[in-house]
Amino acid sequence: MKLTITDRASDKLNKKVPHDSRLLLSFDDGVGPFSKVGVCSLDTSFDIIAVDNEAKTPDYEAVLQTNQGDWRFKGYSNIYLDNDMKLDVKNNQLVLSGESGILDGSVAIKDLTKQNVAFKN
């Protein structure tokens, strides 16, 4: 499974997350500490979550190869993903698409690194 991140998407990510963070592609299904929605939602929703390299993320056991390094994701969420995907920007929104079409038309970016938490306090 691979993800190609376009230059436009990369620029958007670089403005919102620290360069030394680890990135997760999080299926927002209510499982784990970063997910709030739950399975009763009608939409398939993904977030890109930046965490510190030492953060414990046991729910994110699978590896997604990207053109900017490996990301982690919840292995069981692969049923909602395609083998060959692209992250791009359309109408100022991050769009995750694949062979089957648009998987999520508005992927949120969340910076949950210590650096960001310390800045907010």
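Reading the values: the criteria
- Residues numbered from 1 in each chain as written.
- Predicted model: local features only at pLDDT ≥ 70, side-chain atom pairs only at ≥ 80, totals over all residues.
- Heavy atoms only, no water.
- Pairing = 2+ DSSP bridges.
- Helix = DSSP H or I, 4+ residues; strand = E, 2+ residues; numbered from the N terminus.
- Axes fitted to C-alpha atoms, helices over the stretch in contact; angles between N-to-C directions.
- Phe/Tyr/Trp six-rings, centres within 6.5 Å; stacked < 30°, edge-to-face > 60°.
- Buried < 20%, exposed > 50% of the residue type's maximum accessible area, 1.4 Å probe, protein only.
- Contact = heavy atoms within 4.5 Å.
- Core = buried A, V, L, I, M, F, W, Y, C linked by side-chain atoms within 4.5 Å.
- Salt bridge = Lys/Arg side-chain N within 4 Å of Asp/Glu carboxyl O.

(A) The arrangement of the sheet that holds strand β2 (residues 22-27) in detail. Taken together, the eight strands give a closed barrel; going around it, the order is β1-β4-β5-β2-β3-β8-β7-β6, and neighbouring strands pair in mixed fashion. Taking each pair of neighbouring strands and ignoring which way they run, the sheet shows an average axis angle of 35°.

(B) Representation of the packing of aromatic side chains. Counted according to the given criterion, the structure contains two aromatic pairs. Between the aromatic rings of F27 and F46, the centroid separation amounts to 5.4 Å while the plane-to-plane angle is 45°, which identifies the pairing as tilted. Here F27, found in strand β2, pairs with F46, found in strand β3 (residues 46-51); they are 19 residues apart in sequence, far enough to count as distant. A residue is classified by how much of its surface remains accessible, and F27, at 8% relative accessible area, is buried. An aromatic cluster of at least three residues, connected via ring pairs, comprises F27, F46 and Y80.

(C) Here's a closer look at the environment of L3. Along the polypeptide, L3 turns up in strand β1 (residues 2-5). Separated by 81 residues in the primary sequence, L3 and D84 place their C-alpha atoms 6.2 Å from one another. Residues in contact with L3, not counting those within four places in the same chain, are L64, Q65, T66, N67, W71, M85, K86, L87 and L96.

(D) The arrangement of the nonpolar core in detail. Grouped together as the largest cluster of nonpolar side chains are 24 residues, with contacts concentrated most on L25, I48, W71, L87, L94 and L96. For I48, the contacting residues outside a window of four places in its chain are L13, L23, L24, L25, W71, L87, L94, V107, A108, I109 and K110.

(E) Structural view of the pattern of salt bridges. If you walk through the whole model with that rule in mind, you get three salt bridges. Where D84 meets K2, a salt bridge forms, and the shortest distance between an N and an O atom there is 4.0 Å. Taken together, the positions of D84 in strand β6 (residues 84-90) and K2 in strand β1 put the pair 82 residues apart, joining distant regions of the chain. Overall, the relative accessible area of 35% leaves D84 in the partly exposed class. A relative accessible area of 41% places K2 in the partly exposed class. For the salt bridge of K110 with D47, the shortest nitrogen-to-oxygen distance reads 3.1 Å. Of this pair, K110 sits in strand β8 (residues 101-111) while D47 sits in strand β3, and the two are 63 residues apart along the sequence.

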